[in-house]
Amino acid sequence: MMNLWQFFISNFDEVLTLTGQHLWMVLVSITVAVVIGVPAGVLITRKPALEKVVLGFANVVQTIPSLALFGFLIPIPVVGGIGASTAIVALILYALLPIIRGTYAGIQGVDPSVKEAGRGMGMTDLQLLWQVEIPLALGVIVAGIRVAAITSVGIATIAAAIGAGGLGMYIFRGVAGVNTTLILAGSIPAALLALLTDFGLGRMEKLLKNPQRRSA
Amino acid sequence: MRTSEVEKPEIAIQFHQVSYRLAEAEILSHLAFEIRQGETVVLVGRSGSGKTTTLKLVNRLLEPTHGEVLVQDRATTSWDPIELRRRIGYVIQEVGLFPHFTVERNVALVPSLEGWEPERVRRRVRELLTLVGLDGDKYAHRYPSQLSGGQRQRVGVARALAVDPPILLMDEPFGALDPLTRSEIQEEFKELQGNLKKTILFVTHDLQEALYLGDRIGLMKDGRLTVIGTPDELLSSADPEVKAFLKPLQRGKRA
């Protein structure tokens, strides 16, 4: 324990840099996954024929072991290669399933009588989506993003294997050298990041799940 | 195609040999009746007899597989559905108020969609809340979850009346209320209708409600309209299904 503490103090800058790299990979991949996943989730509520294809694809991606997925991506041109961009692509792919599923479930879960009233009063599909369905589904959508983000923090540690940096660097080095201190130096900050992400998005989710934002 | 605004057609809604099929099941067959301007027609019948489906054909939430429904002399399928629906107030049993909107925003929904000035919307909302017997100062800023069932239903009625549509569709609007609140709202609604003279198509499974509110009552069975007539005509009908429906009333009288 003493060793670990000393390690953090003497390698403060490096720990910070790796944590920053780690956070950056997660942030970029989750942002892109939200930009792709939320519209995809909305799309399959509109076009049920696509539901199986889209969710099926996201499901299959999820079943690929992460180390293998990183490996598969390396030889692919443009997205592949060694480094953070490949890792980010893999993280995006992993994040898609919970985000698409959350969006889909959130919108499907909106009270049908509310939707019917909206349509019956002459709201267009877009008005219904923006004014009713998305606001009411937001809590569930954020829950999906939360799961995706926490998972990404964990998976991003493996990205070090393809030279993407991040806190996984310490873990891989520690495993190779049978150095518990190094392993902990990587995994403790990663765990803290995951906990912080969970807490932050959990708060947001709770706020959004209560559609009645202020009391009378 | 379109009748001029000045000479309003006498008939507001017309069902022309309307059938509606879903997959292989015939939900409605050969519906033919009309509703005059300002008239309240109440459809009664058992669950699954096609009452709600009939209602949804009017605002084109559904389209007939056969025949046509005319609203103000135009087939629903030739109306722009959005334009059609904004001219038809719609009240359903579950109310369907938006839980994330205040009472005020719920009632203001259609005026806002129609792009009214905010000040005009605000005044109209107050006017409507008063009309349905709710104190605007007290309730405008509440959320639906903070209202009782009866209050919610009043807000639902106010919302449906917001842009003063000539036609109202009401699907068991008072069905979920306790008997006392229910009869209160029925009385107020009857009075309201006396003043507003809307054309109303009303669905209920409560015959008493039908007799009380309807100018004419249509009895539906297995997707057909078996009898349609005034309350008196209905009470003296010899039709077996009508008699079956009237039975509970007589049982009440004997007791």
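Because the structure is a prediction, the values reported are computed rather than measured.

Chemist: When you look at the overall build of chain A in this model, what are you seeing that I'm missing?
Modeler: In terms of regular secondary structure, chain A is built from nine helices and zero strands. Seen through its principal axes, chain A has C-alpha atoms that stretch 65 × 50 × 20 Å. Per-residue burial for chain A yields a buried fraction of 41% across its 216 residues. Expressed as a percentage of contacts within chain A between residues at least 6 apart in sequence, the contacts between residues at least 24 apart total 74%.

Chemist: Just checking my understanding: could you explain the overall build of chain B for this structure?
Modeler: Regarding its fold elements, chain B presents eleven helices and ten strands. Its C-alpha atoms give chain B a radius of gyration of 18 Å, within 12% of the compact-globule value 18 Å for 255 residues. Projecting the C-alpha coordinates of chain B onto the three principal axes gives extents of approximately 55 × 55 × 40 Å. The burial tally for chain B puts 40% of its 255 residues in the buried class. In chain B, the proportion of contacts linking residues at least 24 apart, taken out of those at least 6 apart, comes to 66%.

Chemist: Can you walk me through the interface of chain B and chain A in this structure?
Modeler: By a widespread convention, an interface's size corresponds to the accessible area lost as its parts come together. Each side of the interface is counted separately: chain B has 20 residues, and chain A has 17 residues. Broken down by secondary-structure element, the contributors of at least two residues to the side of chain B that touches chain A are helix 2 (81-86), strand 6 (88-92) and helix 4 (109-113) of chain B. Here the side of chain B that touches chain A is built from residues that sort into ten nonpolar, six polar and four charged.

Chemist: What should I look at first to understand the sheet that holds strand 2 (residues 25-36) of chain B in this one?
Modeler: The strands making up a sheet are joined through hydrogen bonds of the backbone, oriented either antiparallel or parallel. Residue and element names in this part refer to chain B. Spatially, four strands are ordered 2-1-4-5 in an open sheet, and the strand pairing comes out antiparallel. Looking along the sheet, the strands with just one partner apiece sit at the ends: strand 2 and strand 5 (74-75). Inspection of the sheet shows strand 4 (residues 66-71) paired to strand 5 by two bridges, in the antiparallel sense. Each residue of the ladder has a partner; that of Val71, found in strand 5, is Arg74.

Chemist: Would you mind going over the confidence of the model for chain B with me for this structure?
Modeler: Here chain B averages 91 in pLDDT, while 95% of its residues score no lower than 70. In the predicted assembly, ipTM is 0.86 and pTM is 0.86.

Chemist: Can you help me understand the pairing of strand 10 (residues 224-229) of chain B in this one?
Modeler: Working note: regular strand, side chains alternate between the two faces of the sheet. Residues and elements named next belong to chain B. Bridging between strand 9 (residues 216-221) and strand 10 involves five bridges; their strand directions are antiparallel. Opposite Gly218, over in strand 10, you have Ile228 as the bridge partner. Connecting strand 9 to the antiparallel partner strand 10 that follows it, the hairpin turn spans two residues, and Asp222 within it adopts a positive phi of roughly 45°.

Chemist: Looking at this model, I keep getting lost on the nonpolar core. Mind explaining?
Modeler: Here is a general trend for soluble globular proteins: nonpolar side chains tend to be buried in one another's company. All names here are of chain A. Core analysis: the biggest nonpolar cluster contains 124 residues, and Ala87 and Leu91 have the highest contact counts within it. Per element, the largest residue contribution to this core is 16 residues, and it comes from helix 5 (residues 84-108). If we skip the residues at most four places from it in the chain, Leu91 touches Met25, Val26, Ser29, Ser152, Ile155 and Ala156.

Chemist: Sorry, what's going on with the packing of helix 2 (residues 12-46) of chain A against helix 5 of chain A here?
Modeler: Geometry of a packed helix pair, given as the angle between the helix axes and the separation of the axes. Residues and elements named next belong to chain A. Interhelical geometry of helix 2 versus helix 5 gives an angle of 35° and a closest axis separation of 6 Å. The two elements helix 2 and helix 5 meet at a crossing, and its hand is right-handed. For the contact of helix 2 with helix 5, the residue count by class is 23 nonpolar, six polar and no charged.

Chemist: It is not clear to me how the sheet that holds strand 10 of chain B should be interpreted in this structure. Could you clarify?
Modeler: All names here are of chain B. Ordered in space as 6-7-8-3-9-10, the six strands form an open sheet in which the pairing is mixed. Across the chains shown, the open sheet's two edge strands, defined by having one partner strand only, are strand 6 and strand 10. Each adjacent strand pair in this sheet contributes to an overall mean axis angle of 15°, direction not counted. Looking at chain direction, strand 3 (residues 40-45) and strand 8 (residues 199-203) are connected through four bridges and run parallel. Among the inter-strand pairings, Val42 is bridged to a residue of strand 8, identified as Phe202. The sheet contacts of helix 7 (residues 149-160) involve strand 6 and strand 7 (167-171), and relative to strand 6 the element is tilted by about 165°.

Chemist: What should I look at first to understand the environment of B:Val110 in this one?
Modeler: Mapped onto the elements of the fold, B:Val110 is located in helix 4. Given 24 C-beta atoms within a 10 Å radius, B:Val110 is considered buried. In the structure, B:Val110 is positioned 27 residues away from B:Asp137 in sequence and 21 Å away in space, judged by C-alpha atoms. Once residues within four sequence positions are removed from consideration, B:Val110 is found in contact with A:Met121, A:Gly122, B:Arg86, B:Ala162 and B:Val163.

Chemist: Can you help me understand the environment of A:Gly118 in this one?
Modeler: Residues and elements named next belong to chain A. Position of Gly118 among the secondary structure elements: in helix 6 (residues 112-120). For Gly118, a count of 25 C-beta atoms within 10 Å puts it in the buried group. In contact with Gly118, other than residues within four places in its own chain, are Met123, Leu128 and Val132.

Chemist: Mind showing me how you'd approach the packing of helix 2 of chain A against helix 7 (residues 125-155) of chain A here?
Modeler: Residues and elements named next belong to chain A. Remark: helix 2 packs on helix 7, axes separated minimally by 10 Å, with the N-to-C direction vectors making an angle of 140°. Here helix 2 is positioned oblique relative to helix 7, judged by the angle of their axes. As for how helix 2 packs across helix 7, the hand of that crossing is right-handed. Between helix 2 and helix 7, the residues in contact are Val26, Ser29, Ile30, Ala33, Val34, Val38 and Val42 and Leu129, Ile141, Ile145, Ala148, Ala149, Ser152 and Val153, respectively. Counted by class, the contact of helix 2 with helix 7 contains twelve nonpolar, two polar and no charged residues.

Chemist: Could you clarify how one ought to interpret unusual backbone geometry in this entry?
Modeler: Excluding glycine, residues mostly carry a negative phi; peptide bonds, for their part, are mostly trans. Residues and elements named next belong to chain B. The phi angle at Gln72 is positive, at roughly 50°, despite the residue not being glycine. Here Gln72 lies in the loop between strand 4 and strand 5. The class of Gln72 is partly exposed, set by 19 C-beta atoms lying within 10 Å. The phi angle at Asp222 is positive, at roughly 45°, despite the residue not being glycine. As for its placement among the helices and strands, Asp222 is situated in the loop between strand 9 and strand 10. On the neighbour-count criterion, Asp222 (15 C-beta atoms within 10 Å) is partly exposed.

Definitions and cut-offs
Residues numbered from 1 in each chain as written. Chains lettered and ligands numbered in written order. Predicted model: local features only at pLDDT ≥ 70, side-chain atom pairs only at ≥ 80, totals over all residues. Helix = DSSP H or I, 4+ residues; strand = E, 2+ residues; numbered from the N terminus. Buried ≥ 20, exposed ≤ 12 C-beta atoms within 10 Å, placed from the backbone. Contact = placed C-beta atoms within 7 Å. Rg over C-alpha atoms; globule rule 2.2 N^0.38 Å. Nonpolar A, V, L, I, M, F, W, Y, C, P; charged D, E, K, R; others polar. Pairing = 2+ DSSP bridges. pLDDT = per-residue confidence, 0-100. Core = buried A, V, L, I, M, F, W, Y, C linked by C-beta atoms within 7 Å. Axes fitted to C-alpha atoms, helices over the stretch in contact; angles between N-to-C directions. Left-handed = near helix turned anticlockwise from the far one by under 90°. Parallel < 35°, antiparallel > 145°, perpendicular 65-115°, else oblique.

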